[in-house]
Each structure stands twice: as structure tokens, then as C-alpha cells.
Amino acid sequence: MKPPVEPLQAKKEVFSSILICCDFLTTRKSEQASNLRWVRDLLERPIKAACCETAVRFELNEFDEHTVLAGASGPNQGNKARHRWFDPERIKPSGLAHLARAVGEKTLVIGYELSHSTRRALDRAGLHWIDIWLHPVRFSDDILFAIRASSPLVHSRLERFNVQEETFFAQADLLKIQNYRGFNKLNRSLDDDSALFVGQTARDKSVLSDNGFLNLLDFEEEFKSLTHNHSSVYFSRHPNEPRLAPEIARFLKKFANVSEIGVPTYHLLAAPQITTVASISSSVLEEARFFGKKTIQFHPSSFELHGEHRYCSIFQDLCFAHFWADVLSEVVNVHSVPEASFLVRQNKLRHPLSFYWGYRDIDRYEQLGRVTQEQVYASSTETTLNSAEIV
């Protein structure tokens, strides 16, 4: 799993500064600020500890996104939109020059969840980047990150820290067993040869397109094909969507073998009766592979974990200076940093970031902790006679 520690030699410096940022071309500023706060706290110290004299900053130089995107943005996208679509190929030379000046000469961009359009805009402006996304596999011992570098030199160093897929296959095997022997068993009967359709939030960045945000009605024929090829189709609504949109609900009612299901997603992925998992672009599609499911994806993902432009699966190493000293060793002068890790690795990032998704449905202690926490909160907010008298 862990790459061997090798002495790091100082290289001729290629980048004199590093810009840590969020997606400043696609995502609105309030959303950027929310993510950049924890990204900065996570990465600033280890990156500075790894680099000898490279400046690390978090602000663009006199940047105006409207100057960059003039003529390239899609229709009806105001400043209040959480995410905006734009065509990077339509950015004018003046816009690319403004982008290059704002980032700065000899600056490496380390960005959190850069869209494909933003990455392409940086490429066209002659800028190099490292892109970091939350990894789609969320059932592991802790959250992971998917990371890719535009520089082949840097990306080849990243690959040394890549978590092998066998790790995820083995974890999924255990969840299959847990589904019928563990603490939280699947207690619902399912039809054989059925399909699961996984819904997404209405304004998910991964469903953004030149026609706005996609939904199931943009893929009616694909969904019809899914219903024709399976005995039943179970529609799993995203937990952050309180109810189905009326137009989606009306569409689903057209199919006699489609029903909405509220069973935890990992229970469904582990169930042998479900043979196919489909979605517009949900991260659950990547997880489903490790449970042996056939997957059907209606719209491309924001990044790839397979093929020529694949991202690396990185565990907790990015929290430590030795990771950045190794990854950046070909492009900046770095210190020789000893390897380090957390003493206890379970949920080390999941807890402080509160990124749980469906993990509490498969972890006994997390589920018990959630119940206890809710009980404590309920009792602490309950007004008692004594406290009322004091007031």
C-alpha cells in the first residue's frame, strides 16, 4: 500500500509559488469560501513544511471572472447560481491572458473540485494544476480523495500513493456478508434481476451541462430501456432531496415495475437480487462496481478513475508533509521529510469533516453513536421544572 521512503533530491525549481483554491470559474464565491476554509486548514501546513522556499497563497491577483468568461458562459446563469456552465473553448485570448495574470507566473494551482471546463481553461492559459475531489468510494475505513496533476512528472509521483482497487473489492465483500449476518441486516425482500436507479440533488455540480442542470426527464429513453430489461426498478431518492419533483414523480408512475425505495444504499448494493445500478452520474455507480454490479451511466462524471486521464485514489497521505515533498519533488525544491501517519486511521477525516453519507448504515459504532448523540441533544434541550424556576 504505502510507497517506500526514498531520499528526495532538490530539483531545479519550476514553480515559485502555489495557489490553493476552489473552482473560481464554475462555483459561486460563498460555496468556494465554505470549502476553502477546511481545504486550507488541511493542506497549508504540510505543503509549506514540504517546500523549501515556494510561496503558498490563497488569493488570485485582481481577478474578474466576467473578464475571463465573456462570451463563453451559458444562457440564464446569474451570479446567484451555485454553479455555472461555460465553454472553455470559447474563452477569448484576452480572457486567457487575464486568467494567467490572475494566477501568476510560475504558479502551480492546487484546486479543490475543479470542473472539466475549469481544468481545460487552465490548460489553454498555459497553467499547471493539481485537482482534488472527494473520492466516490465512501464505504472505506475513511474518506479518500481522487487526485490528478496536469504535469506528467507530478502525476507519476502521485501514482506511487494510489490505493489499489483490490482494497475496495475486499471491503465490499465484507459488506455483502454483513448484509445477512451483521448488526444491521437487509430486512426487505427484493425481486430477482432488479435494477437500482440512484437519484441526485437537483443542483449537483456533476449534472451541470450546457442546457442547465440535468434530471431524469433528460434521459427518458434510457430509463425506459432500464425498465424493459429488469423485473423491477427501485428508485432511490437522494437523502438531501426531501421529496421527488412533481414532474419526476409523474414520469415514474408511468411504469408498473418502478417503485421508490427507502432502504440504505449500501444494503441495496450488497443485495444479490439487484444486478444493475443506473444513475445520471452518481458516485454510487463507482461503488457499485466493487459489489459486482453492472452499471449504466447516463452522463459523464466530473473526472475519471479509469483510462488515460484517470485520477489517483489517495488515502490519508495528503495530510502529511512527506506526501507533498514526494509529489512535488520534480517541480519545486523540497525538504527531505520523514514519513508519518495517524496512529489510529479509522474515520480520521470523516469525523472532523462530517462527511458520512450512508456510512453510518454500515458501521455499528457510528450508528450507535448517532443514536446516543440524538438522545443527549434531546435531553439537553428539554425544559425541566427546576431550570424554568431559575429563569
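Visitor: Teacher, can you tell me more about the environment of E260 here?
Guide: Tracing the chain through its elements places E260 in strand β10 (residues 258-260). On the basis of relative accessible area, E260 is assigned to the partly exposed category, the value being 39%. As for E260 and F235, which are separated by 25 residues in sequence, their C-alpha atoms are 4.5 Å apart. In this structure, E260 is in contact with F235, R237 and L244, ignoring residues within four places of it in sequence.

Visitor: What am I meant to see in the sheet that holds strand β1 (residues 17-22) here?
Guide: One key point about sheets: their strands pair by backbone hydrogen bonds, in either a parallel or an antiparallel sense. Read across the open sheet, the six strands follow the order β2-β1-β3-β4-β5-β13; overall the sheet is mixed. Since the sheet does not close on itself, it has two edges, and those belong to β2 (55-57) and β13 (312-314), each with one partner. If you compare each strand with its neighbour and ignore which way they point, the axes differ by 25° on average. As paired elements, strand β4 (residues 128-134) and strand β5 (residues 145-149) share five bridges and run antiparallel to each other. Among the inter-strand pairings, D131 is bridged to a residue of β5, identified as R148. The strands touched by helix α4 (residues 116-124) within the sheet are β3 (107-112) and β4, with β4 carrying the most contacts at an inclination of about 170°.

Visitor: Looking at this structure, how should I read the pairing of strand β9 (residues 233-236)?
Guide: Across a regular strand the side chains alternate sides, sitting on one face of the sheet and then on the other. Along β9, one buried face is formed by V233 and F235 and the opposite face, lined by Y234 and S236, is buried too. Pairing of strand β6 (residues 194-198) with β9 involves four bridges; the strand directions are parallel. Each residue of the ladder has a partner; that of A195, found in β9, is V233. With three bridges joining them, β9 and β10 adopt parallel strand pairing. The residue of β10 that forms the bridge with F235 is E260. Note on the crossover from β9 through helix α8 (residues 246-252) to β10: the handedness is right-handed.

Visitor: I would appreciate a short explanation of the sheet that holds β9 in the present structure.
Guide: Taken in spatial order, the five strands line up as β10-β9-β6-β11-β12 in an open sheet, and their pairing is parallel. Edge strands, defined here as strands with exactly one partner in the open sheet, are β10 and β12 (294-297). Along the sheet, successive strands turn relative to each other by an average axial angle of 25°, direction set aside. Pairing analysis gives four bridges linking strand β11 (residues 274-279) to β12, with the strands arranged parallel. Paired with S279 across the two strands is Q297, which belongs to β12.

About the criteria used
- Residue indices follow the written sequence of each chain, beginning from 1 at its first position.
- Residue-level local features of this predicted model are given only where pLDDT is at least 70; pairs of side-chain atoms are given and counted only at 80 or more, and the full residue set underlies all totals for whole chains, interfaces and linings.
- Side-chain descriptors were evaluated using all non-hydrogen atoms of the structure, hydrogens and water having been removed beforehand.
- Here a helix means four or more residues in a row that DSSP labels H or I, a strand means two or more in a row labelled E, and each is numbered from the N terminus.
- Burial classification: accessible surface area is computed with a 1.4 Å probe over protein chains only, and a residue below 20% of its type maximum counts as buried, one above 50% as exposed, and the rest as partly exposed.
- In what follows, residue pairs with any heavy atoms lying within 4.5 Å of each other are defined as contacts.
- Any two strands with at least two DSSP bridges between them are considered paired.
- Angular values range over 0 to 180 degrees, each being the angle between N-to-C directions of two axes fitted as lines to C-alpha atoms, with helices fitted over their stretch in contact.
- A crossover gets the label right-handed when its path from the first strand over the helix to the second runs clockwise, viewed with the strands pointing away from the viewer.

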